[in-house]
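Notes for the structure review
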Amino acid sequence: MFDFRKLRIWQEGQDLTLRIYQLTRSFPKEELFGLTSQLRRSSASVPHNIAEGCGRQSAPDLLRFLTIAMGSASELESQLLLAQGLEYISTETASQILPDVERLRRMLTAYYQKVKANLPDKHD
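Residues numbered from 1 in each chain as written. Predicted model: local features only at pLDDT ≥ 70, side-chain atom pairs only at ≥ 80, totals over all residues. Heavy atoms only, no water.

Once that is clear, we can look at the side chain of T17. On the secondary structure map, T17 appears in helix α1 (residues 8-24). By relative accessible area, which is 8% here, T17 ends up buried. Separated by 2.9 Å, the side chain of T17 and the backbone oxygen of S43 make a polar contact. Those residues in contact with T17, other than ones at most four positions away along the chain, are S43, A44 and P47. (Helix = DSSP H or I, 4+ residues; strand = E, 2+ residues; numbered from the N terminus. Buried < 20%, exposed > 50% of the residue type's maximum accessible area, 1.4 Å probe, protein only. Polar contact = N/O pair within 3.5 Å; in protein donor to acceptor, adjacent residues only side chain to side chain. Contact = heavy atoms within 4.5 Å.)

Here it is as structure tokens:
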């Protein structure tokens, strides 16, 4: 549909993913195929699904991929809370990144609503 790289929401998701990759570099090696991998995959899923939705030919497809991105953002939040509980990240680090995840989820919700509002009414 259009260039996803111009979307602020994609840019924010990409930046968050880069931060998650940096953050997980210090995780225990035994978590490489566990929590480290899960955090990286869920964070990357957000901008990747935005990009894929933008590459589709219809607004309903974009909405479907935005829904997946919202789920991935929620999964990311849960995984960060687990990492904090396991003391892989400090409370201070969590308090810096969790609000960004929440803001990204709000942005996804707002964008979803905007796209949905612009769909033609099926009763026309």
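That shown, we press on.
If you look at the biggest cluster of nonpolar residues, it comprises 34 residues, and the most contacted ones within it are I9, L39, I50, L66, L80 and L108. Looking at this core, the elements with two or more residues in it are α1, α2 (35-55), α3 (59-85) and α4 (91-117). When neighbours within four sequence positions are excluded, I9 is seen to be in contact with I50, L104, M107, L108 and Y111. (Core = buried A, V, L, I, M, F, W, Y, C linked by side-chain atoms within 4.5 Å.)

Here we take up the packing of aromatic side chains. Summed over all chains, the structure comprises two aromatic pairs. With a centroid separation of 5.1 Å and 65° between ring planes, the pair formed by F4 and W10 is classed as edge-to-face. Since its relative accessible area comes to 25%, F4 is described here as partly exposed. When its relative accessible area of 15% is taken as the criterion, W10 is described as buried. For the pair F27 and Y88, a centre-to-centre distance of 5.4 Å together with 50° between the ring planes defines the contact as tilted. A residue pair is termed long-range when its members are at least 10 positions apart, and F27 in the loop between α1 and α2 and Y88 in the loop between α3 and α4 qualify at 61 residues. (Phe/Tyr/Trp six-rings, centres within 6.5 Å; stacked < 30°, edge-to-face > 60°.)

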